[in-house]
Amino acid sequence: MAFDFNTFGCMVFGDEEMKSRLPKDIYESLKSSIEENRSIDPKIADVVANAMMHWAIEHGATHYTHWFQPMTNITAGKHDSFLSVEKNGKMALHFSGKELIKGEPDASSFPNGGLRNTFEARGYTAWDCTSPAFVRDGTLYIPTAFCAYTGEALDTKTPLLRSMSVISEQALRFLRLFGNKKATRVSATVGAEQEYFLIDRALYEKRLDLKLCGRTLFGARPSKGQEMEDHYLGRIRLRVAAFMKELDEELWRLGVSAKTKHNEVAPAQHELAPIFDTVNIAGDHNQLTMEMMRIVAKRNGLACLLHEKPFAGVNGSGKHNNWSLSANDGTNLLDPGKNPYENMQFLVMLCAVITAVDRHAALLRMSAAVAGNDERLGGHEAPPAIISIFLGEQLTSVLTEIAKGHSPMCQKMSSLDTGVPTLPAFTRDDSDRNRTSPFAFTGNKFEFRMVGSSASIACANYVLNTIVAESLDEICTRLEKSSDFDTEVQAIIRDTMEQHGRIIFNGNNYTEEWVKTAESLGIVHLRDTIEAASAYIDPKSVEVLSKYHVLTPVECEARYDILLENYAKIVTIEANTMLEMTQRELLPAIIRAAGETAQSASSLSACGIAGARISGLAQRLSECADAVFTAADQLREALTHVHEEQCTYSCAVYARDTIKPLMASLREAVDSAEELVSKDCWPIPNYTDLLHRV
Ligand code: ADP
Ligand code: MG
């Protein structure tokens, strides 16, 4: 049966619904607030709320929630019903403008980096009318921003919304200088490609590590991983296809424009890419996508893993954050047009990005920092933890030539000859793809590939918006002051290439040489979350974030603390999970295997059969058990000292430098034992089953 595409967005209180349900003047007032990124006029709030409630009830809602994004990388909200008691004691339906605009959740029970105490817990949620409300599972979801009673942001969305105004202001100023009089607003646009793993639910349920930590903490290497390169873009298995179909349909109803789906490189790994949208909507939609992936997987007897590195030895998952700037007259500021070498507006815009990324590489690296991503970044396939920009040879040479004062030659693109006469001829793209770059120019946008698959995309984008706004601000000031526009443009390109050209790297980012070269060029290499977190309190970062009112110094400090605290907590939970699994599941299995093997050896010997290899195996199993005992004891002992650390920083360092190496030793001991124990006796599903069973 044909799919009814008219159901797209049917659960969203979008423009059409507003138009048909609101009086004209109220609709227009709301619409202009949305378009101009302003808060709504409180006078119209009651009417809007009432229309929204009636629409929601028609779509099965009984409750509403202020949906917000605390610093947990997931979303939150409490659900209130539309019921109220009238003066005469009768029940009535009620949803006021005040309830639509403002909520008051307890702020102390979310990560706040010391900004809120339990005795002064008040927090507010405020309606973000630029992202549409929707109905899901009987509740009207109202996208909101979340802040403390004292005004500090306690979520990922508030700084994102702040950064959107900043980038719009500076980008508009920039467009005006290049003669654009039409645009009145510039939005950051984002398409977040989401990678994930799908495994069998029954197997997932048997693994405490997957259930509590989202990744496997043990597991011997399977005989087949991803070496055959046969999974990427391969045929989608029927069970996975059924999951994807249901997911697409759920997302479409919620107005999420899921576009592309395919198998990824690792076995059991897949990807979903949406059509890009304004960044705050893209962020909300990415959160919804992750939630729906987990739910739809469960309904289909599957488990969706969004962790950055669920399995050792095969690729991890990221979120490719495609970012661009789009004006409301249709101009994409990163579109090179037909002749990039003549398109000064585009080339100067590139300079703004190059400057921003080089100057604030640490901050950008930080924006992708989370414990799970430490397992992935710098690994076999992932972008390394060093920031660089891929521009492609052609654009790099255009900038280099202009910087030298030469006029760049028009390079006509060659057509591609496949050698097969029946195939259509087409022109080659301006640049080849570089899959190894953490920050690649891909035609009309930049693709920031470091972001972790489980993370909110907000931080990466408020950092990008802010640092690019800063360089645009500088560029605009230069251009406004100069008496000769063209000469100044050339000077900007020259200065950018001189001062920041080092960040451009078109080669293979995965090589050891690049790590060395980058270090010799002074490009920051922040290896892990703890090193990266320091960018939050680095004076240069605090200055740019506070200058543009995206985060205050106090908010930066709080976020630094949250990042480190979160890191230490994750490592501690993982270590405790390993100990629990070892003591109650894995060690008993190894001991049993050793005992049973020894028993077999002695039964054989009682019959006069030598069985030396069998008693040898029993011996090895017993040695394995000893090694596991020792490693577990060391880890347990180390964990008892975590709380002796004085501050969040030292706790995190202790987790990284003391706990993690002991976790690695325990894993090694257990994984060697797994290779010796019969599959029937191993109490948890192995890598082969997890990766190849769906
Ligand atoms: P890839 O080859 O990297 O997988 P895709 O074309 O599949 O690339 O995905 C690219 C992503 O970039 C999509 O989510 C797409 O919507 C997004 N994208 C395209 N143009 C823009 C833009 N101007 N701004 C932001 N994102 C964009
Ligand atoms: Mg991509």
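Residues numbered from 1 in each chain as written. Chains lettered and ligands numbered in written order. Predicted model: local features only at pLDDT ≥ 70, side-chain atom pairs only at ≥ 80, totals over all residues. Heavy atoms only, no water.

- Per an unreviewed UniProt entry, the chain goes by Glutamine synthetase III and derives from Merdimmobilis hominis.
- The Sequence similarities (unreviewed entry) field of the UniProt record for the chain holds the comment "Belongs to the glutamine synthetase family." (UniProt positions renumbered as here; feature names shortened; annotations may be inferred.)

### A short note on the pairing of strand 8 (residues 139–148)
(1) Moving on: A large share of strand 8 lies buried, amounting to nine of its ten residues.
(2) Moving on: In the sheet, strand 1 (residues 63–67) pairs with strand 8 via five bridges, with the strands oriented parallel. If you follow T65 over to strand 8, its bridge partner there is Y141.
(3) Moving on: In the sheet, strand 6 (residues 123–127) pairs with strand 8 via five bridges, with the strands oriented antiparallel. Among the inter-strand pairings, A126 is bridged to a residue of strand 8, identified as A145.
(4) Moving on: Both strand 7 (residues 134–136) and strand 8 contribute to a ladder of three bridges, which runs antiparallel. The residue of strand 8 that forms the bridge with R136 is T139.
(5) Moving on: Counted along the chain from strand 7 to the antiparallel partner strand 8, the turn is two residues long, and its residue D137 has a positive phi close to 45°. (Buried < 20%, exposed > 50% of the residue type's maximum accessible area, 1.4 Å probe, protein only. Helix = DSSP H or I, 4+ residues; strand = E, 2+ residues; numbered from the N terminus. Pairing = 2+ DSSP bridges.)

### A few points about the state of the cysteines
(1) Moving on: Using the criterion set out here, one finds zero disulfides in the structure.
(2) Moving on: We note that C213 lacks a disulfide partner, and the nearest cysteine sulfur, in C304, lies 17 Å from it.
(3) Moving on: Distance from the sulfur of C351, which forms no disulfide, to the nearest cysteine sulfur (C476) is 13 Å. (Disulfide = S-S within 2.5 Å.)

### Structural notes on the pairing of strand 14 (residues 319–327)
(1) Moving on: Burial within strand 14 is extensive, with eight of its nine residues counted as buried.
(2) Moving on: In this sheet, strand 19 (residues 446–448) lies alongside strand 14 in antiparallel orientation, the contact comprising three bridges. Directly across from W323, in strand 19, lies its bridge partner F446.

### Section: the coordination of the magnesium ion (ligand 2)
(1) Moving on: Within the protein, the magnesium ion (ligand 2) binds to E193 (OE), E193 (OE), H320 (ND1) and E447 (OE); these donor distances fall in the range 2.1 to 2.7 Å.
(2) Moving on: One chain supplies every donor to the magnesium ion (ligand 2), and in sequence these donors are spaced E-x126-H-x126-E. With H320 in strand 14 and E447 in strand 19, the pair connects residues that are 127 residues apart, well separated along the chain.
(3) Moving on: The buried category is assigned to H320, whose relative accessible area is 11%. (Donors = N, O, S within 2.8 Å, 3.2 Å for Na, K, Ca; no water.)

### Quick look at the site of ligand 1
(1) Moving on: Contacts to ligand 1 come from 14 residues, most closely from T189, E193, P274, F276 and R433.
(2) Moving on: Take T189: an N or O atom from its side chain is 2.9 Å from a nitrogen atom of ligand 1.
(3) Moving on: In this structure, E447 approaches ligand 1 through a side-chain N or O atom, which is 3.4 Å from an oxygen atom.
(4) Moving on: Expressed as a share of its isolated accessible area of 570 Å², the protein-covered part of ligand 1 is 79%.
(5) Moving on: When residues of the shell around ligand 1 are assigned to their parent elements, the largest contribution, four residues, is made by strand 9 (residues 186–200).
(6) Moving on: Among the residues making up the shell around ligand 1, the classes are represented as four nonpolar, five polar and five charged. (Near = heavy atom within 4 Å. Polar contact = N/O pair within 3.5 Å; in protein donor to acceptor, adjacent residues only side chain to side chain. Areas by Shrake-Rupley, 256 points an atom, 1.4 Å probe, with all protein chains shown as cover. Nonpolar A, V, L, I, M, F, W, Y, C, P; charged D, E, K, R; others polar.)

### Digging into the nonpolar core
Note that soluble globular proteins tend to have their nonpolar side chains buried in a common cluster.
(1) Moving on: The biggest cluster of nonpolar side chains holds 140 residues, and the ones touching the most others in it are L350, L391, I659 and L666.
(2) Moving on: Ranked by residue count, the leading element in this core is helix 19 (residues 553–606), at 16 residues.
(3) Moving on: Not counting residues up to four positions away in its chain, the partners in contact with L666 are F218, M578, L579, T582, V628, A631, A632 and L635.
(4) Moving on: Among the nonpolar cores identified, the runner-up in size contains 54 residues, and A51, W127, L251 and M290 belong to it. (Core = buried A, V, L, I, M, F, W, Y, C linked by side-chain atoms within 4.5 Å. Contact = heavy atoms within 4.5 Å.)

### Quick word on the environment of V314
(1) Moving on: Assignment of secondary structure puts V314 in the loop between strand 13 (302–305) and strand 14.
(2) Moving on: Taking the C-alpha atoms as reference points, V314 and R376, separated by 62 residues in sequence, lie 10.0 Å from one another.
(3) Moving on: With residues near it in sequence (within four places) discarded, V314 still touches F197, G225, Q226, A266, P267 and K309.

### Examining the domain arrangement of the chain
(1) Moving on: Annotation of the chain at the domain level lists domain 1 (5–152), domain 2 (163–217 + 225–411 + 429–551) and domain 3 (567–692).
(2) Moving on: On the side of domain 2, 21 residues touch domain 1, which itself brings 23 residues to the contact.
(3) Moving on: Carbon and sulfur atoms make up 54% of the surface buried where domain 1 meets domain 2, a total of about 1,800 Å² over both sides.
(4) Moving on: Together, F8, N73 and R136 form the three largest contributors to the area buried by domain 1 at its contact with domain 2, with a combined 33%.
(5) Moving on: Between domain 1 and domain 2 we count one salt bridge in total. (Domains from an automatic or database assignment. Buried area = accessible area lost by both parts, 1.4 Å probe. Salt bridge = Lys/Arg side-chain N within 4 Å of Asp/Glu carboxyl O.)

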